[in-house]
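Commentary on secondary and tertiary structure
Here is how the chains run, residue by residue.
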Amino acid sequence: MRGGRSFTVGVAPDGEGLVSHAGAALLAETADRLGLTRELSRALAGVRERRGRHDPGRVIRDLAVMLADGGDCLSDLRAVRDQQPLFGPVASDATAFRLIDRIAGDPGFLEALRAARARARARAWELGARPARIVIDVDATLVRAHTEKEGAAVNFKGGFGFHPLLGYLDDSREALAGMLRPGNAAAHGAADQIAVLEQALEQLPRDVVADLDTEIVLRADSAGSALALCQAARDAKINYLVGFDLTKQVRRAILSLPEGGWRPALRQDGSERDGAQVAEITDLLEFYDWPDGSRVIARRERPHPGAQLTFTDSDGHRFQATLTDLDGDAVELERLHRGRANAEDRVRAAKQTGLDNLPFREFDLNAVWLELSLIAQDLSVWTQTLCLEGDLATCEPKTLRYRLLHTAGRLAFHARQATLRLQASWPWAGQLAAAFARLQALPPPVA
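Residues numbered from 1 in each chain as written. Predicted model: local features only at pLDDT ≥ 70, side-chain atom pairs only at ≥ 80, totals over all residues. Heavy atoms only, no water.

**Focus on the packing of aromatic side chains**
Our working definition: The aromatic pairing rule takes the rings of Phe, Tyr and Trp, using the six-membered ring of Trp, and pairs them if the centres are within 6.5 Å, calling planes under 30 degrees apart stacked, those over 60 edge-to-face and the rest tilted. In this scheme, a residue with accessible area under 20% of its type's maximum is buried, one over 50% is exposed, and one in between is partly exposed, where area comes from a 1.4 Å probe on protein chains only. Runs of H or I in DSSP of at least four residues are treated as helices and runs of E of at least two as strands, each being numbered from the N terminus.
Following the criterion strictly, the structure yields 7 aromatic pairs and no others. Ring plane angle 80 degrees and centroid distance 5.7 Å describe the contact between Phe 360 and Trp 369, whose orientation is recorded as edge-to-face. As far as burial versus exposure is concerned, Phe 360 and Trp 369 are alike and both buried. Consider the rings of Tyr 402 and Trp 426, whose centres lie 5.6 Å apart with planes at 70 degrees: the pair is edge-to-face. One end of the pair, Tyr 402, is in helix α15 (residues 397-405); the other, Trp 426, is in the loop between β15 (417-422) and α16 (429-441), with 24 residues separating them in the sequence. On the basis of relative accessibility, which here comes to 52%, the residue Tyr 402 falls in the exposed class.

**Observations concerning helix α6 (residues 93-104)**
Using the following cut-off: One fewer than the residue count of a helix, multiplied by 1.5 Å, yields its expected span. The contact criterion used throughout is that any non-hydrogen atoms of two residues lie within 4.5 Å.
Here α6 is 12 residues long and its end C-alpha atoms lie 16 Å apart, about the 16 Å a rise of 1.5 Å per residue gives. In this fold, the buried residues of α6 make contact with α3 (56-68), α7 (107-129) and α14 (363-387).

**Things to note about the side chain of Asp 170**
The following threshold applies: Each polar contact in these results corresponds to two N or O atoms within 3.5 Å; when the atoms are within protein, one needs to be able to donate a hydrogen and the other to accept it, and residues that are neighboring in sequence are counted only if both atoms are side-chain atoms.
With respect to the secondary-structure elements, Asp 170 resides in the loop between β6 (165-169) and β7 (175-179). Engagement of the side chain of Asp 170 in a polar contact is seen with the side chain of Asn 342, the distance being 3.0 Å. Other than its neighbours up to four places away in sequence, Asp 170 contacts Val 135, Asp 137, Arg 219, Gly 339, Asn 342 and Arg 346.

**Some remarks on helix α8 (residues 190-203)**
The first and last C-alpha atoms of α8 sit 20 Å apart over 14 residues, in line with the 20 Å expected at 1.5 Å per residue. Within α8, burial applies to Gln 193, Val 196, Leu 197, Gln 199, Ala 200, Leu 201 and Gln 203.

**Overview of a nonpolar patch on the surface**
The following threshold applies: Exposure above 30% relative accessible area and no salt bridge define the residues that can form patches, which grow by joining like charges within 9 Å and nonpolar side chains of Val, Leu, Ile, Met, Phe, Trp and Tyr within 5 Å. The protein chains shown are the only cover counted for residues, whose accessible areas, like all others here, come from Shrake-Rupley with a 1.4 Å probe. For this analysis, a salt bridge means a side-chain nitrogen from Lys or Arg found within 4 Å of a carboxyl oxygen belonging to Asp or Glu.
Together, Phe 7, Val 9 and Val 11 give the surface a local cluster of nonpolar side chains, amounting to about 360 Å² of exposed area. Tracing the chain through its elements places Val 9 in the segment before β1 (18-19). Residue Val 9 is classed as exposed on the basis of its relative accessible area of 61%.

**Concerning a negative patch on the surface**
What counts is decided by this rule: Positive charges are assigned to Lys and Arg, negative charges to Asp and Glu, while His and the chain termini are left out of the count. Where a charge lies is defined by one atom per residue type, namely NZ (Lys), CZ (Arg), CG (Asp) and CD (Glu).
A contiguous patch of negative charge, built from Asp 101, Glu 150, Glu 362 and Asp 364, is present on the exposed surface. On the secondary structure map, Asp 101 appears in helix α6. Looking at Asp 101, the relative accessible area reads 40%, which means it is partly exposed.

**A look at the sheet that holds strand β4 (residues 153-154)**
Spelled out, the test is: In this scheme, strands are said to pair when DSSP sees at least two bridges between them.
Pairing within the open sheet is antiparallel, and its 3 strands lie in the order β3-β5-β4. Across the chains shown, the open sheet's two edge strands, defined by having one partner strand only, are β3 (143-144) and β4. Bridge count for β3 against strand β5 (residues 160-162) is 2 bridges, and the pairing is antiparallel. Each bridged residue has a counterpart across the sheet, and for Val 143 the counterpart in β5 is Phe 162.

Rendered as structure tokens:
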């Protein structure tokens, strides 16, 4: 339909200069501008046994762009390869697989990938991507496997697959760390949580970690591993804000509180939450082995309609407890801990960026794929933070793809100058053009 009138469309394969996924070029340019591509090339210099056509750093960059653009298996690299005017020569699937296999065969290369990403993060923070507050969320998720793969197992929900553990920065949405684990791995194993915490801290710029005036907070729903995890945080000289078991001692303390000891809980926007109250019960507990300065904050709330109470709930209330060593008002700290729900949004975005499909049979290859997904997630949020404004700066991957990354355009060449022309009527064409302009205005990386 056009102008209220219907007409027949003829199709002719005679266009020139047309490119799809034009907005994905913004991701590749961001990787180059932040020095990520260069750092990856340096980190994987030992992979190149002979001078080949494809630089390993460029291959990793293209794989990350492919995942950020919506690919979920190695053959989807063709979506980038078929856009050579935008991305240049792109490795074949076989070449990309050989690189992944080489990295999987040497743990040193995987560590080198992480170090390269950390150096790119330091530059991104210098350019304005640093979050206002450094809160590290550690959370586990389930990834299904539809065929038998090494490490796939039955999980606690009865499904079959893997159980990776992930670490994210809350404010900036950056992906700091990830550990691929079998499907039957414990949700809150202390050793795994500590390992992911150490990986996450290694991703932060050295000057930030070394500055004792910079507050870094670990946030987790740690269950039975709280003691070991909190001690690890204390050893790393960071604060903790973690879920705490409702032991008999904790329940007695909660039930002994007078009604006047409870204060209204707050929503994330600062408004009062109806039917929920908070109280500190530290003075009513004996801590034994817990780190000095630990505090326990209790929350009670009326469950939502239809929720099932358990026999341990009392007077129609559901209870939760939080352990922390942070100073400040208990109500505000409890609100900060409940912000841990943002980690579920991060995990959902990760599953839209390659994590939902671990494509290989071998466990070590899938561990490399997990690292590629983390790179893709970082590349997406750095691009949004440094180049976009408004809703586009915080939207989830599917929305970003529809509005920007999958935009079609026409490449026009004149006088050794290329211009990417976007459809003027596309609602976000102006924002995409402005994003490219902002990226070009950033200083190039120092050699």
